[in-house]
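Chain by chain, the residues run as shown.
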Amino acid sequence: MATLAMTYRISLYSKRTDCVLIWSYCDYAGEIPGIMKTFVIFVTLFALAACADECYKDVVAACNPTLSKQLAGIANCNAKYGGIQELQPDLQRFANHLFFRSFDFLLMATHYGNYIKNRPGFEKLFRGLSDSLWSDGIETIKYITTRGGQMNLNNIAKDLQDEELTSPSLELYEMQSIAKALDVEKKLALQAFDLHKSASGKKHESHDPEIAHHLEEEFMEKHRDTIRELAGHSRDLSVLLSGPDASLALYLFDQHLQK
Amino acid sequence: MKGFGVFVVFCLASASAALQCEHRIPKIPDDWIDMNSVCVKRIKSHVMEELKAAMQYMAMGAHFSRDTINRPGFAKLFFDAASEEREHAIKLIHYLLMRGELTSGVSDLIKRSLMPSTMTWSDAASALRDALQLEASVTKKIRDIIKSCEDETDFNDYHLVDYLTGDFLTEQYQGQRDLAGKLSTLEKLMDKHGALGEFLFDKKLL
């Protein structure tokens with residue numbers, strides 16, 4: 001029992017306290033002798049003090065005319081549970097990454113919309129990718145807040161900040177632009193995989209099957225199809241551009257993209 | 001004949017070795033491209049202004065969708081406004097493309113330092129007030145562009161000015177009227193019934 005109680009005490013120091021545990025240990029108290037009982041009760045009291053993260057307690061205090069004057073609000077009545085606290089910064093970076101790439105694709109679409117490039121099909125393709133990442137970004141913010149989190153639009157990954165400084169050219173030839181888009185979409189998909197790994201991993205603080213499930217359903221399926229589509233385009237283009245008339249091939253391919 | 005055959009095979013082999021990814025840039029007369037460079041620059045920087053406004057609205061949407069704020073109606077209003085501002089930026093880009101602009105330097109058109117200055121609001125009314133101020137500042141910037149593109153002594157850009165006046169200013173004034181009306185209704189609702197007023201108005205926005 002002592003070992004059990006000790007394990008339990010240690011778990012109190014972790015960020016996520018399982019308040020339910022207290023009561024199961026209290027039930028054991030009846031079966032154990034004197035000194036141990038005192039110890040368990042002591043631990044339980046200690047636990048109750050540390051385990052103040054309960055909405056109900058806050059409400060009881062807030063509704064009590066004497067206590068409510070000292071205690072501020074119902075801070076523990078929130079939607080947070082599971083791994084959101086731990087995964088929130090990663091989710092924020094993911095959302096900001098989506099916006100960043102949405103702007104990249106918007107610029108790529110713009111390039112194909114000028115009168116010299118004049119490829120309405122490519123313009124449509126990249127505009128579609130941009131729109132899609134933009135709404136994905138908004139959905140990610142909504143999701144973070146659904147889980148009791150908070151968005152931070154300034155939380156941008158270091159490599160993206162560096163990329164912003166060097167601002168690599170997005171005015172690319174057709175084949176190159178498809179290749180670039182494919183790489184970008186894969187990177188986003190892999191970032192979702194990383195998040196999924198943390199959410200479904202063994203680490204207690206970040207374990208969160210709901211986040212993992214959400215990523216699977218809302219992002220991974222969509223990104224899978226986009227990646228397949230872009231890979232298909234690059235295969236088609238690679239064959240067409242090795243033919244005798246690349247210019248005509250590009251014209252026809254662009255027509256195909258407009259559909 | 002045999003030599004020719006070898007030559008053809010060689011040509012085919014070399015053709016499949018490298019893809020013909022780059023192609024000739026055609027020479028197109030450019031006397032139809034008549035926008036004043038100052039004007040172009042101002043429109044380009046206004047694209048950024050619209051995107052900045054979009055991200056500011058995004059921050060508002062994010063704030064009001066929080067569980068501890070819980071104003072889904074306002075969150076929806078602001079998220080929609082964010083996408084609308086982005087559409088404005090895209091409309092301006094399309095306009096420049098129509099006028100033969102943006103054939104180079106596209107990569108620098110959008111700077112990602114769009115991060116909003118304010119991320120939290122004390123209540124919905126203060127966010128509406130900020131939104132109204134934001135719109136007013138955007139309107140002022142559009143007016144400034146109109147003024148400078150109309151005043152050019154060598155080239156009065158009638159079409160751009162008409163487009164900005166007819167399309168953009170109309171939307172600005174309608175949007176501002178809408179925000180001001182909402183703020184007024186909200187303030188009146190909250191006059192005697194603060195929390196209840198905001199709660200009811202938020203549900204009305206859904």
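Residues numbered from 1 in each chain as written. Chains lettered and ligands numbered in written order. Predicted model: local features only at pLDDT ≥ 70, side-chain atom pairs only at ≥ 80, totals over all residues. Heavy atoms only, no water.

- You'll find chain B entered in an unreviewed UniProt entry as Ferritin, with Rhynchophorus ferrugineus given as the organism.
- A UniProt comment under Subunit (unreviewed entry) is attached to chain B, and it reads "Oligomer of 12 light (L) chains and 12 heavy (H) chains; L and H chains are disulfide-linked. The functional molecule forms a roughly spherical shell with a diameter of 12 nm and contains a central cavity into which the insoluble ferric iron core is deposited."
- Taken verbatim from the UniProt record of chain B, the Catalytic activity (unreviewed entry) comment is "4 Fe(2+) + O2 + 4 H(+) = 4 Fe(3+) + 2 H2O". (UniProt positions renumbered as here; feature names shortened; annotations may be inferred.)

- The name that an unreviewed UniProt entry assigns to chain A is Ferritin, with the source organism given as Rhynchophorus ferrugineus.
- Of the comments in the UniProt record for chain A, the one headed Sequence similarities (unreviewed entry) reads "Belongs to the ferritin family."

## Some thoughts on the UniProt feature "binding site: Fe cation" (unreviewed entry) in chain A
Residue and element names in this part refer to chain A.
Working step 1: Feature annotation in UniProt assigns "binding site: Fe cation" (unreviewed entry) to the following positions: Glu-185.
Working step 2: Along the chain, the position of Glu-185 falls in helix H8 (residues 174-200).
Working step 3: Non-local contacts of Glu-185, meaning those with residues more than four positions away in its chain, are made with Phe-105, Leu-129, Leu-133, His-223, Thr-226, Ile-227 and Leu-230. (Helix = DSSP H or I, 4+ residues; strand = E, 2+ residues; numbered from the N terminus. Contact = heavy atoms within 4.5 Å.)

## Things to note about the pattern of salt bridges
Working step 1: Inspection of every chain in the model, using the stated rule, returns 29 salt bridges over all chains.
Working step 2: In this structure, Asp-208 of chain A engages Arg-147 of chain A in a salt bridge whose closest nitrogen and oxygen atoms are separated by 2.7 Å. Of this pair, Asp-208 of chain A sits in the loop between H8 and helix H9 (209-241) while Arg-147 of chain A sits in the loop between helix H6 (120-146) and helix H7 (158-166); the two residues are 61 residues apart in sequence, bridging distant segments of the chain. You'll find Asp-208 of chain A and Arg-147 of chain A in the same group, each marked buried.
Working step 3: Among the ionic pairs, Asp-34 of chain B bridges to Arg-99 of chain B, the shortest N-O distance being 2.8 Å. (Salt bridge = Lys/Arg side-chain N within 4 Å of Asp/Glu carboxyl O. Buried < 20%, exposed > 50% of the residue type's maximum accessible area, 1.4 Å probe, protein only.)

## Considering a nonpolar patch on the surface
Residue and element names in this part refer to chain A.
Working step 1: Side chains of Leu-248, Tyr-251 and Leu-252 sit close together on the surface and give an oily, nonpolar patch of about 310 Å² of accessible area.
Working step 2: By secondary structure assignment, the location of Leu-248 is in helix H10 (residues 246-258).
Working step 3: Residue Leu-248 is classed as partly exposed on the basis of its relative accessible area, which comes to 45%. (Patch = residues over 30% accessible without salt bridge, like charges linked within 9 Å, V, L, I, M, F, W, Y side chains within 5 Å. Areas by Shrake-Rupley, 256 points an atom, 1.4 Å probe, with all protein chains shown as cover.)

## Structural notes on the interface of chain B and chain A
Working step 1: The partner chain A presents 51 residues to the 49 residues of chain B that form the contact.
Working step 2: Of the roughly 4,200 Å² buried at the junction of chain B and chain A (both faces included), carbon and sulfur atoms supply 64%.
Working step 3: Counting every contact that joins chain B to chain A gives four salt bridges.
Working step 4: In this structure, Asp-104 of chain A engages Arg-112 of chain B in a salt bridge whose closest nitrogen and oxygen atoms are separated by 3.0 Å.
Working step 5: At the surface where chain B touches chain A, the tally comes to 16 residue pairs in polar contact (both at pLDDT 80 or more).
Working step 6: Among the secondary structure elements, those contributing two or more residues to the side of chain B that touches chain A are helix H1 (2-17), helix H2 (37-64) and helix H3 (72-98) of chain B.
Working step 7: No other element matches the nine residues that H3 of chain B contributes to the side of chain B that touches chain A.
Working step 8: A class-by-class count of the residues in the side of chain B that touches chain A yields 27 nonpolar, 13 polar and nine charged. (Buried area = accessible area lost by both parts, 1.4 Å probe. Polar contact = N/O pair within 3.5 Å; in protein donor to acceptor, adjacent residues only side chain to side chain. Nonpolar A, V, L, I, M, F, W, Y, C, P; charged D, E, K, R; others polar.)

## Considering the UniProt feature "binding site: Fe cation" (unreviewed entry) in chain B
Residue and element names in this part refer to chain B.
Working step 1: Using the residue numbers shown here, the UniProt feature "binding site: Fe cation" (unreviewed entry) corresponds to Glu-50, Glu-85, His-88, Glu-135 and Gln-172. These residues run over 123 residues, yet every pair of their C-alpha atoms falls within 12.6 Å of each other.
Working step 2: In this fold, His-88 is placed in helix H3.
Working step 3: When sequence neighbours within four positions are dropped, the list of residues in contact with His-88 reads Glu-50, Phe-168, Glu-171 and Gln-172.
Working step 4: For Glu-135, the location among the structural elements is in helix H4 (residues 124-151).
Working step 5: Not counting residues up to four positions away in its chain, the partners in contact with Glu-135 are Tyr-57, Glu-85, Gln-172, Gln-176 and Leu-179.
Working step 6: Of the polar contacts made by the side chain of Glu-135, one reaches the side chain of Tyr-57; its length is 2.7 Å.

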